[in-house]
Amino acid sequence: MSANDVVLLESTLERERSKTASKLPVTDFHTFFVARQYLKAYSPNHDDLLSGLVDGEKDCGIDGIYIFVDSLCIRDDEPVTRLGRRANLDLIILQVKNSSGFTENAIDKLIVNLPKLLDFGRDEETLAKFVNPKLIEATRRFLETYKNLDLPQLRIFVAFGSLKATHLHPQTQVKASELESVLLGTFGGCEPSVQFLGAGEICSLVRENPPTIRRLNLAENPISTDTAGGYVGVVRLDDYEAFITGSAGDLDAGLFEANVRDYEGETAVNRSIQQTLEQAESDIDFWWLNNGVTIVASRVQPANKMLELESPQIVNGLQTSTEIYKRKKRSANDRDARSVLVKVIEAPDDAIRDRIIRATNSQTAFGPSVLRATDLVQRRIEEYLLGKNLFYERRRRYYFNKQYPVDRIVSIDSMGQSVLSVTVQTPHVARKNAGRVFDDDVYKLVFHPEHPLAAYHACTQLLQASRDFLSAYRKKISVEDFQYQLAMLLGIALARRQEPTMRDLAKIEDAEVRTSLAKELFSIIQEEYDHSSRMTGIYLLDQLAKDPDVTKRILERGRGYLRSSSRSDGV
């Protein structure tokens, strides 16, 4: 490490913040930036990275905390139960400081606090006295995920980032070993790792670009047709497993446009695939009994028994891929000469890829999130929001990878949460489980092709207005605990409807949210939270925000506010 690394990193941070996240507070941006570099292997999107920021009062020395199961970022309360035995569970804890060195005090804080935070028998009411709500929620989510999984392989990574550090004191490294011992004492079967990221190490992470080129080794030369860019071949199971496995040994979720949660678990079909994989018959190949997988890539370059793929995505075959990945955990059979059938298609054009995805999934149950991105309504929303200088990520990480400003990117999840809050009036669902929007019954309600496009813009603007207003209180509260309830009340007040429809909201898409209005409605939420806390004994705000009964009372208060206000009051 050298002083030049410090200068280069300062320049990079200033440039990146100005370009991609100018509205983030500086300290949050530093953690966001280091997390983006450190977590590259998991391919997180901007929602994933922002969700892990917990810096502030009572943060116990933790600035960022992230949970991944087989490369899937866990940031809501939906249980992960279907990934099978021995899934990889990773807990990543970050501390990022704009300092010139690493202190023993920073490590001591975690030595004291992590055993308390990661204790299954913890008392959250006691924790709340010295731990901020967001950190309590994140660690609770980790503990619940650990319990829901079937004997997961747990790894805990603790990384200390120091933006101006050029050296590491030997005594600090000794303290790191002590922290690893504490983690082993907390979870005996875990693999702990403590790392120190100075300016030089962070610069090295910045220079590491995630591979966009992947090589698929085939058992024989592929078959190609007269139409350029299409190939069919068979791939040895071991080679295919290597293709879908990330550098850390996880199933590489970045290869699947479908959310890894779309894996259907112990269904009859998947049990059949498992049995076929387990019964290695010398006279029957696996691909004879399986439909195989389909891969699309922006460019395909054949080279004898190998295909070089640029930005590949597995668009059909998630169940088969997951079972192939899991087979080594179920069997001691190290040698398997069988193969899986693979179709590889060069599809640089987005519309062509959409057709391939929908066609190759036409015989599966409609529901995987990969199919949603191809819907006409999703493409229309994207086109409409582009005219508003917003970038709608119907495809995961599409605009994020292009370095567009984070505050101008709207994910499908975020859009679904805004509509659930404002029109469906279920902000507790939006707060608890963003992925619920992909469920068939909810999806058809939220993303109906007859909804006016302006309403989608209005909903996301109301949610953003809520965030902007609440950001002034961020040192005292978690914005996430109030933003969805506030967006719901703003929709009622501005549309002047107790149950505003999407057509009502389309008429107010460019309405200005007055601070005085937001403040009045925010006080309603606070009063109802206080009342509910006294009545139920629930004291953590995230639990109140997820409670349907609390939503019901806030909704009644919001409708009462509308009835009591006159049309001439300027609301």
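The model shown is predicted, which means the values in this text are computed figures rather than measured ones. (Residues numbered from 1 in each chain as written. Predicted model: local features only at pLDDT ≥ 70, side-chain atom pairs only at ≥ 80, totals over all residues. Heavy atoms only, no water.)

A.B. asks: With reference to specific residues and values, describe the overall build of the chain.
C.D. replies: What the chain contains, in helices and strands, is 23 helices and 15 strands. In summary, the chain has a C-alpha radius of gyration of 25 Å against a globular reference of 25 Å for 571 residues, a match within 12%. Taking the principal axes of its C-alpha atoms as reference, the chain extends roughly 80 × 65 × 45 Å. When each of the 571 residues of the chain is scored for burial, the buried share is 54%. If you take every contact in the chain between residues at least 6 apart in sequence, the share linking residues at least 24 apart comes to 74%. Accessible surface for the chain amounts to roughly 25,200 Å². Of this, 48% is attributable to carbon and sulfur atoms. Across the chain, 74 positive and 81 negative side-chain charges occur, with their mean positions spaced 3 Å apart. (Helix = DSSP H or I, 4+ residues; strand = E, 2+ residues; numbered from the N terminus. Rg over C-alpha atoms; globule rule 2.2 N^0.38 Å. Buried < 20%, exposed > 50% of the residue type's maximum accessible area, 1.4 Å probe, protein only. Contact = heavy atoms within 4.5 Å. Areas by Shrake-Rupley, 256 points an atom, 1.4 Å probe, with all protein chains shown as cover. Lys, Arg positive; Asp, Glu negative; His and termini not counted. Charge placed at Lys NZ, Arg CZ, Asp CG, Glu CD.)

A.B. asks: Hey, could you go over the pairing of strand β9 (residues 293-297) for me, with residue numbers and the actual values?
C.D. replies: Counting buried positions over the five residues of β9 gives five, a clear majority of the element. Strand direction decides the pairing type here: β9 and strand β13 (residues 339-346), joined by five bridges, are parallel. Directly across from valine 293, in β13, lies its bridge partner valine 342. Two elements, β9 and strand β12 (residues 313-316), share three bridges in a ladder whose sense is antiparallel. The partner of isoleucine 295 across the bridge, within β12, is isoleucine 314. (Pairing = 2+ DSSP bridges.)

A.B. asks: For a nonpolar patch on the surface, give the residues involved together with the corresponding values.
C.D. replies: On the surface, Trp287, Trp288 and Leu289 cluster together into a nonpolar patch covering about 350 Å² of accessible area. Note on placement: tryptophan 288 falls in the loop between α10 (268-278) and β9. Residue tryptophan 288 is classed as exposed on the basis of its relative accessible area, which comes to 53%. (Patch = residues over 30% accessible without salt bridge, like charges linked within 9 Å, V, L, I, M, F, W, Y side chains within 5 Å. Salt bridge = Lys/Arg side-chain N within 4 Å of Asp/Glu carboxyl O.)

A.B. asks: Could you give an account of the sheet that holds strand β10 (residues 299-302), naming the residues involved and the relevant values?
C.D. replies: Read from one edge of the open sheet, three strands run β6-β11-β10, paired in antiparallel fashion. Taken across any chain shown, the strands that pair with only one partner, and hence form the sheet edges, are β6 (213-217) and β10. Sheet twist, expressed as the average angle between the axes of neighbouring strands with direction ignored, equals 20°. Relative to the sheet, helix α9 (residues 237-244) contacts β6 and β11 (306-310), its axis offset from that of β6 by approximately 170°. (Axes fitted to C-alpha atoms, helices over the stretch in contact; angles between N-to-C directions.)

A.B. asks: A description of helix α2 (residues 26-38) should follow, citing residues and the corresponding values.
C.D. replies: End to end, α2 covers 18 Å across 13 residues, agreeing with the expected 18 Å (1.5 Å per residue, within 8%). α2 sits mainly inside the fold: 11 of its 13 residues count as buried. Looking only at α2, the buried set comprises Asp28, Phe29, His30, Thr31, Phe32, Phe33, Val34, Ala35, Arg36, Gln37 and Tyr38. (Expected span 1.5 Å × (residues − 1).)

A.B. asks: Describe the side chain of glutamate 323, and please don't skip the residues or the numbers.
C.D. replies: With respect to the element layout, glutamate 323 can be found in helix α11 (residues 318-330). Judged by relative accessible area, glutamate 323 falls into the buried class, the value being 0%. A polar contact of 3.3 Å, which involves the side chain of glutamate 323, links it to the side chain of glutamine 274. (Polar contact = N/O pair within 3.5 Å; in protein donor to acceptor, adjacent residues only side chain to side chain.)

A.B. asks: Break down the nonpolar core for me, with residues and values.
C.D. replies: Judged by nonpolar contacts, the single largest core of 58 residues is most densely connected at Met415, Phe447, Leu505 and Leu521. Take this core: its biggest share by element is 10 residues, from helix α19 (residues 483-495). Every residue in contact with leucine 505, bar those within four places of it in the chain, is listed here: Val422, Thr423, Ala455, Ala458, Cys459, Leu462, Gly491, Ala495 and Pro500. Counting residues in each nonpolar core, the second largest holds 42 residues, with Ile93, Ala176, Leu183 and Phe187 among its members. (Core = buried A, V, L, I, M, F, W, Y, C linked by side-chain atoms within 4.5 Å.)

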